[in-house]
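Structural characterization, general
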Amino acid sequence: MSNGFVVRSLDEIRFWSRIMKEHSLFLRLGFRCEDTQLINEANHFYSTFEAIESRAHAFDAATDPQTIQRFNVEVHTAVSHIWGFKRKVLGLILQCQLPGQNNFPLLVDHTSREAFYFRNRLEQLNAGNLDPLPDAIINENVFFLRIMADHAKFIGHLLDPSERKLVDQARNFSDEFDQLLFQARDLDSMRPQSQTVPLLDQFLDENRVSVKSLRDFKKTARDLIEACRIKSIIHPLLADHVYREAERFLLIIDMFENTLTGTPVQHIHFD
Ligand SMILES: [Fe+2]
Ligand SMILES: [Fe+2]
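Throughout what follows, the structure given in this document is the object of discussion. (Residues numbered from 1 in each chain as written. Chains lettered and ligands numbered in written order. Predicted model: local features only at pLDDT ≥ 70, side-chain atom pairs only at ≥ 80, totals over all residues. Heavy atoms only, no water.)

Quick notes on the packing of helix α5 (residues 133-158) against helix α7 (residues 197-226)
Taken N-terminus to C-terminus, the directions of α5 and α7 make an angle of 25°; their axes are 11 Å apart at the nearest point. Taken together, the axes of α5 and α7 are roughly parallel relative to one another. As α5 packs across α7, the resulting crossing turns out to be left-handed. Contact with α5, carried on its side by P134, I137, I138, N141, L145, M148, H151 and I155, involves L200, F203, L204, N207, L214, F217 and K218 of α7 and no other residues of that element. Considered class by class, the residues forming the contact of α5 with α7 number 11 nonpolar, 3 polar and 1 charged. (Axes fitted to C-alpha atoms, helices over the stretch in contact; angles between N-to-C directions. Helix = DSSP H or I, 4+ residues; strand = E, 2+ residues; numbered from the N terminus. Parallel < 35°, antiparallel > 145°, perpendicular 65-115°, else oblique. Left-handed = near helix turned anticlockwise from the far one by under 90°. Contact = heavy atoms within 4.5 Å. Nonpolar A, V, L, I, M, F, W, Y, C, P; charged D, E, K, R; others polar.)

Here's the deal with the environment of F26
Assignment of secondary structure puts F26 in helix α1 (residues 3-30). With sequence-adjacent residues up to four places away left out, F26 is seen in contact with N103, L237, L238 and H241.

So, the coordination of the iron ion (ligand 2)
Note on the iron ion (ligand 2): its protein donors are H110 (NE2), E114 (OE), H151 (NE2) and E245 (OE). The metal-donor distances range over 2.0 to 2.2 Å. In this structure, the iron ion (ligand 2) is surrounded by 4 donor atoms whose angles at the metal cover 84 to 161°, and the resulting shape is irregular. Along the chain, the residues that donate to the iron ion (ligand 2) are spaced as H-x3-E-x36-H-x93-E. Residue classification places E114 among the buried residues on the basis of a relative accessible area of 0%. (Donors = N, O, S within 2.8 Å, 3.2 Å for Na, K, Ca; no water. Tetrahedral: all angles 85-135°; square planar, octahedral: opposite > 155°, others 65-115°. Buried < 20%, exposed > 50% of the residue type's maximum accessible area, 1.4 Å probe, protein only.)

Some details on empty space enclosed by the protein
The tally for this structure, following the rule as stated, stands at 2 cavities of 30 Å³ or more. Roughly 70 Å³ of internal volume is contained in the largest cavity. Lining the largest cavity are H151, F154, I155, L158, K218, A221, I225, I234, L238, A239 and V242. Broken down by element, the lining of the largest cavity gets its largest block of residues, 4 residues, from α5. Tallied by class, the residues present in the lining of the largest cavity amount to 9 nonpolar, 1 polar and 1 charged. Of the volumes computed, that of the second largest cavity is approximately 40 Å³. Lining the second largest cavity we find H23, L107, H110, T111, H151, F154, L238, H241, V242 and E245. (1 Å grid on protein atoms, 1.4 Å probe; cavity = no way out; pocket = protein on both sides within 12 Å on 5 of 7 lines; lining within 4 Å. Points joined across faces, edges and corners; volume = space filled by probe spheres on them.)

What about the coordination of the iron ion (ligand 1)?
Within the protein, the iron ion (ligand 1) binds to H23 (NE2), E114 (OE), H241 (NE2) and E245 (OE); these donor distances fall in the range 2.1 to 2.3 Å. In this structure, the iron ion (ligand 1) is coordinated by 4 donor atoms arranged in irregular fashion, with angles at the metal of 84 to 160°. One chain supplies every donor for the iron ion (ligand 1), spaced along it as H-x90-E-x126-H-x3-E. Here the iron ion (ligand 1) and the iron ion (ligand 2) are spaced 3.1 Å apart, and both take E114 as a donor. Taken together, the residues H241 and E245, both in helix α8 (residues 236-262) and 4 residues apart, mark about one turn of the helix. Judged by relative accessible area, which is 2%, H241 ranks as buried.

Here's the deal with helix α4 (residues 105-127)
In a regular helix each residue adds 1.5 Å, so 23 residues correspond to 33 Å; α4 covers 33 Å between its end C-alpha atoms and thus fits that length. In terms of residue burial, α4 counts as a mostly covered element, since 17 of its 23 residues are buried. Count one or two residues on from α4 and you reach G128, which has phi positive near 70°. (Expected span 1.5 Å × (residues − 1).)

Comments concerning the packing of helix α3 (residues 65-94) against α4
When two helices pack together, you describe them by how their axes are tilted relative to each other and by the distance separating the axes. Following both chains from N to C, one finds α3 and α4 inclined at 160°, their axes separated by 9 Å at the closest point. By the criterion of interaxial angle, the relationship of α3 to α4 is roughly antiparallel. Crossing of α3 against α4: the hand is left-handed. Here the contact of α3 with α4 is built from residues that sort into 16 nonpolar, 7 polar and 5 charged.

Okay, structure coming up:
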């Protein structure tokens, strides 16, 4: 356990606890007025993750690693609970027990996948077994490319149908990221033979180009929504939320790229 462990843990928790907090808000906004039990549960998760977020900001790099290890366990429990809640809501929606509610099933599933990812990262951090770089590159890209493809689909479906040009752009991004996801899965199944530096480097380059243009599209959409210049049922905070997730993916791609090209292959570790 080291300073790197503390910094890494706090970075993940600061980013993802805010995301979990916002998911609670989005879910709540989609419920019907009569679903008071679900609304209360969502509000409870909102305060839980709000508190976790502010505690994560109160700690710093000098915090005792053992304190952070316990904090990670605590956050892990909260994330397990919100994951369970999201899966329960997904079940209710798919069994048509909440007719007229406004959360897309894919959105609920999507937010549960993000919770699962966060929980898994906390487990890896505490166990001290982060994926070796070549595995991390493929795993993270498979995860995030699907997240990006989903975002494009949500945007396309939440824009007003009369915003034809933007809907069209969103659909193109959806197709582009579906393609990239298939490519990533192909590379995944060719493991470990596919994990050569040139292939991984090219993979990162190609993904970065698309993520950058999706990120810019999301930023434009966010600004237009905030300025009330386009018609949609997208909450301004949701627009900003998906923009931040694209920024996070870009950051991860850049970190991989630097590690991949900056250090000798045999010494590559995802730290
Ligand atoms: Fe999210
Ligand atoms: Fe997302």
